[in-house]
Amino acid sequence: MHEEEPESLMGRRCWVEISLEALRCNAAFARDLAGVGGQIMGVVKADAYGHGLEDTARALADFADFLGVANVAEALRIRKAGVGKPRVFILGTALEWERPVVLEHDFVAAVSTVAEAEAYDFLAASAGKRLKVHLALDTGMGRLGFLDTAEILSQWRHWAHLEIEGVATHLPSADEKPDATGAQLKHFADIVRLLRESGLGLRHVHAANSAGLLGFPHDACTLFRPGLMLYGISPLPEWQSRLQPTLKWMTRVTLVRDLPPGHGVSYGGDFATSREPYTRVATLAVGYGDGYPRQLSGQGADVLVDGRRCPVLGRVTMDQIMIDVTDLGDAVKPGAEVVLLGGDISATELARKAGTIPWHILTGITRRVPRITE
Ligand SMILES: *Cc1c(COP(=O)(O)O)cnc(C)c1O
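These numbers come from a predicted model, not from an experiment.

Chemist: Explain the site of the ligand here, please?
Modeler: Taken together, the neighbourhood of the ligand is formed by 13 residues, with Lys45, Tyr49, Ser210, Leu228 and Trp359 sitting nearest. Within the contact set of the ligand, an oxygen atom lies 2.8 Å away from a backbone nitrogen or oxygen of Gly227. Out of a free accessible area of 390 Å², the ligand has 91% covered by protein chains.

Written out as structure tokens, the structure is:
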């Protein structure tokens, strides 16, 4: 009997193809933008925006000085994968029991409070180590970071076992509000100057995400933290043509049937066929259980069959969606490949129709969908 693993069966039903070559091109472009002496932190949190953490981290190792992850669990996955060269920076705040992991593996933590700095200092002292950390500054994001520079100025000399090698902030609206972002970067530069005057070395100064790197001058910064643009999507439309798509999401037609006019399609009966003498409806092997957003229901989303756009009909269900293939004649058969994301259909387009952002579309592709890396 012919035996196949579930993963390989799934891999021929609904799958994601990832081009590491495109990823490397985008990383090289980010490096160019960072300029001479500028460094890159490749942001690979959330399974590298759905691309697979280990493979992506390996592909970026030659381009990135740091890899940015959300937490120590992701950081450990990079270590376990044997990705040696870039240092691993933890973008989120480590919980108390995670701090020893930071220390043991020389991950780089972003420190937001005096209490946190003291806790790391104590741990480092106990281990007879000096721990390199970056101070996070809250210049408007309201998520983490010191709020008061005076606290840092009055305290940092007490942290004898910390080497404060970097300072960071985050831009909440670099893709939406250029004026406010410019002012925020200027404010950050002022604080950095003040910290340096007080004697802090600060080899690494960083603020910019993709939109910050693409859209703003880099005066104050030495290190940049692109995420989305590495995955071929520009948060600023004017840069889109400079990036290469890295991810293609595919599925297959499972059934083709001709429905008479007035036949309901999908839950709730929001949609009914109206074409004469029939609507040729293809059922596809993808649904919100795979991360195809349910919010696309009734929003005019398309997929590509044979390079032609076909509209999604009615609501997205958990495992299946229906599309109109009437205009493709007899060409569409069960088993035919369908492009959900790729070619002419970008994550930006799907996000707009689903009322969300491209980051959410990419990270929303669930684990049921195997990633095939080239
Ligand atoms: C996610 C993240 C980034 C990367 O943002 P993109 O918009 O995807 O480039 C950079 N910095 C921090 C702190 C982040 O959380």
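Chemist: Help me understand the side chain of Thr246 in this model?
Modeler: By the element assignment, Thr246 lies in the loop between β9 (223–224) and β10 (247–259). Beyond its immediate sequence surroundings of up to four residues, Thr246 is in contact with Glu17, Ile18, Ser19, Ala22, Leu23, Asn26, His51, Leu230, Tyr231 and Gly232.

Chemist: Would you explain the pairing of strand β16 (residues 321–324) in this entry?
Modeler: A regular strand places its side chains on the two faces of the sheet in alternate fashion. Judged by which residues are buried, β16 turns out to be covered on both faces: Ile321 and Ile323 on one side and Met322 and Asp324 on the other are all buried. Across four bridges, the pairing between strand β13 (residues 279–284) and β16 is antiparallel. Each residue of the ladder has a partner; that of Thr283, found in β16, is Met322. Pairing geometry for strand β15 (residues 308–313) and β16, over two bridges, is antiparallel.

Chemist: Explanation requested: the packing of helix α4 (residues 53–60) against helix α5 (residues 72–80) in the structure shown.
Modeler: Axis angle and axis distance: for two packed helices, these are the angle between their axes and the distance between the axes, and together they describe the pair. Interaxial distance between α4 and α5 falls to 9 Å at its minimum, and their mutual angle equals 65 degrees. Along this stretch, α4 crosses α5, giving a crossing that reads as right-handed. Between α4 and α5, the residues in contact are Leu53, Glu54 and Ala57 and Glu74, Arg77 and Ile78, respectively. Taken together, the residues of the contact of α4 with α5 break down into three nonpolar, no polar and three charged.

Chemist: How do you make sense of the pattern of salt bridges when you look at a structure like this?
Modeler: Pairing of side chains with opposite charge becomes possible as their charged atoms draw close. If you walk through the whole model with that rule in mind, you get 23 salt bridges. One salt bridge connects Glu165 with Arg87, and the closest N-O pair in it is separated by 2.9 Å. Here Glu165, found in strand β7 (residues 162–168), pairs with Arg87, found in strand β4 (residues 87–90); they are 78 residues apart in sequence, far enough to count as distant. By relative accessible area, which is 4% here, Glu165 ends up buried. For Arg309, the salt bridge is made with Asp344, and the minimal N-O distance between the two is 3.0 Å. Note that Arg309 is positioned in strand β15 and Asp344 in the loop between β17 (337–341) and α11 (347–354), a separation of 35 residues in sequence. Judged by relative accessible area, Arg309 falls into the partly exposed class, the value being 33%.

What counts, and at which threshold
By convention here, each chain's residues receive numbers from 1 onward along its written sequence. Residue-level local features of this predicted model are given only where pLDDT is at least 70; pairs of side-chain atoms are given and counted only at 80 or more, and the full residue set underlies all totals for whole chains, interfaces and linings. To obtain the side-chain values, all non-hydrogen atoms of the structure were used and water was disregarded. We call a residue near a molecule or strand as soon as one heavy atom of that residue lies within 4 Å of the molecule or strand. Polar contacts, as counted here, are pairs of nitrogen or oxygen atoms within 3.5 Å of one another; within protein the pair requires one atom able to donate a hydrogen and one able to accept it, and residues that are adjacent in sequence qualify only if both atoms are side-chain atoms. The Shrake-Rupley method, run with a 1.4 Å probe sphere, supplies the accessible areas, and residue values consider only the shown protein chains as cover. Working definition: helices are DSSP H or I runs of at least four residues, strands are E runs of at least two. Numbering for both runs from the N terminus. What makes two residues a contact is simply this: any of their non-hydrogen atoms within 4.5 Å. In this scheme, a residue with accessible area under 20% of its type's maximum is buried, one over 50% is exposed, and one in between is partly exposed, where area comes from a 1.4 Å probe on protein chains only. Paired strands are those between which DSSP finds at least two bridges. Helix axes use the C-alpha atoms of the stretch in contact, all axes being lines fitted to C-alpha atoms, and the angles between their N-to-C directions lie in the range 0 to 180 degrees. If you view the pair so one helix is near and one far, a crossing is left-handed when the near helix is turned anticlockwise from the far one by less than a right angle, and right-handed when it is turned clockwise. All amino acids are sorted into three groups, where Ala, Val, Leu, Ile, Met, Phe, Trp, Tyr, Cys and Pro are nonpolar, Asp, Glu, Lys and Arg are charged, and the leftover types, Gly among them, are polar. A pairing counts as a salt bridge when a side-chain nitrogen of Lys or Arg comes within 4 Å of a carboxyl oxygen of Asp or Glu.

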